[in-house]
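# Coordinate inspection notes
The chain contents come next:
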Amino acid sequence: MAQINISVLVDADNLKANLVSGHLQPGTKGSPTSIGGNADSDNYIYMIAKNGVVQNNQAKSELTITAGSGDQITWNMTTFSQNAPYSTFIYDSKFNLQSGTAPIGIDNVSYVNIKVGTRVPTGTAPQTDPLGQYVNTIYRTTANVTNINQTIQYTMSFQMIDDASGAVLGYFVWDPFIIIPF
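Notes on the structure in this doc start here. (Residues numbered from 1 in each chain as written. Predicted model: local features only at pLDDT ≥ 70, side-chain atom pairs only at ≥ 80, totals over all residues. Heavy atoms only, no water.)

### Overview of the nonpolar core
Within the largest apolar cluster, 37 residues are counted, with the highest numbers of intra-cluster contacts made by Ile6, Trp75, Phe158 and Ile178. Ranked by residue count, the leading element in this core is strand S10 (residues 150-162), at five residues. (Core = buried A, V, L, I, M, F, W, Y, C linked by side-chain atoms within 4.5 Å. Buried < 20%, exposed > 50% of the residue type's maximum accessible area, 1.4 Å probe, protein only. Helix = DSSP H or I, 4+ residues; strand = E, 2+ residues; numbered from the N terminus.)

If you want it as structure tokens, here you go:
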């Protein structure tokens, strides 16, 4: 059993610009706005993982990984500016087989907050400043792989917030795939 960590980076500035221009609508929690398939969602979403688990599509909105039965996949979402001035987080996901009637292959989907203490410089001179502890809250989505040798299409819905005001800027969804080989 391995843990496969997928970092999901969101171009929040581009999403915000497309909301302001009217190219995208903000959607609702129950009906998020699709940011499109491959070519369109590649303008907003970039998924990366360690080279050892990636088959292709590194740093695109689709990411093909190698996973085995019993592996746990974790998605951690942030923006390119580390959730400032806009925060994003995954709030819903749905997993479907692309074809066939085999069992779904993904179960135990959960959304959790984790507090992590990290050490960072206390001032603006990282070479000489003492290190202080910073407590960060990480919100992540996890799921377990139960069956291999299948292609799973799934959707990830996420929310974008304006950090200064706390206002919800929009709800969005995209539909990547997981290809789980033998």
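### Notes on the sheet that holds strand S1 (residues 3-10)
The strand order S3-S1-S6-S9-S8 describes an open sheet built from five strands, whose pairing is mixed. The open sheet terminates on both sides in strands that have one partner only, identified here as strand S3 (45-48) and strand S8 (106-121). Each neighbouring strand pair of the sheet contributes to a mean axis angle of 25°, computed without reference to strand direction. Summarising the sheet, strand S6 (residues 72-79) and strand S9 (residues 131-145) pair through five bridges and their orientation is antiparallel. The residue bridging Trp75 from the neighbouring strand is Thr141, located in S9. (Pairing = 2+ DSSP bridges. Axes fitted to C-alpha atoms, helices over the stretch in contact; angles between N-to-C directions.)

### Considerations on the packing of aromatic side chains
The tally for this structure, following the rule as stated, stands at eight aromatic pairs. On the numbers, 5.5 Å between centres and 35° between planes, the contact of Phe158 with Phe172 is tilted. Of the two residues, Phe158 is situated in strand S10 and Phe172 in strand S11 (residues 168-174); the sequence distance between them amounts to 14 residues. Of the residues examined, Phe158 reaches a relative accessible area of 0% and is grouped as buried. Connected via pairs of aromatic rings, a cluster forms that spans Trp75, Phe95 and Tyr154. Cation over ring: Lys29 sits above Tyr91, and NZ or CZ is 5.8 Å from the ring centre. (Phe/Tyr/Trp six-rings, centres within 6.5 Å; stacked < 30°, edge-to-face > 60°. Lys NZ or Arg CZ within 6 Å of the ring centre and 35° of its normal.)

### Let's talk about unusual backbone geometry
Pro85 follows Ala84 through a cis peptide bond whose omega is 5°. Tracing the chain through its elements places Pro85 in the loop between S6 and strand S7 (86-97). Its identity as a non-glycine residue notwithstanding, Gln82 has a phi of 55°, on the positive side. Residue position: Gln82 is located in the loop between S6 and S7. Positive phi, normally seen in glycine, also occurs at Asn83, with a value near 65°.

### What to know about the pattern of salt bridges
For the structure on display, the rule yields one salt bridge. Note that Asp92 is salt-bridged to Lys94, the shortest N-O span being 2.6 Å. Accessibility expressed as a relative area gives 24% for Asp92, which makes it partly exposed. The class of Lys94 is partly exposed, set by a relative accessible area of 46%. (Salt bridge = Lys/Arg side-chain N within 4 Å of Asp/Glu carboxyl O.)

Any link to function would need more than the numbers given here.
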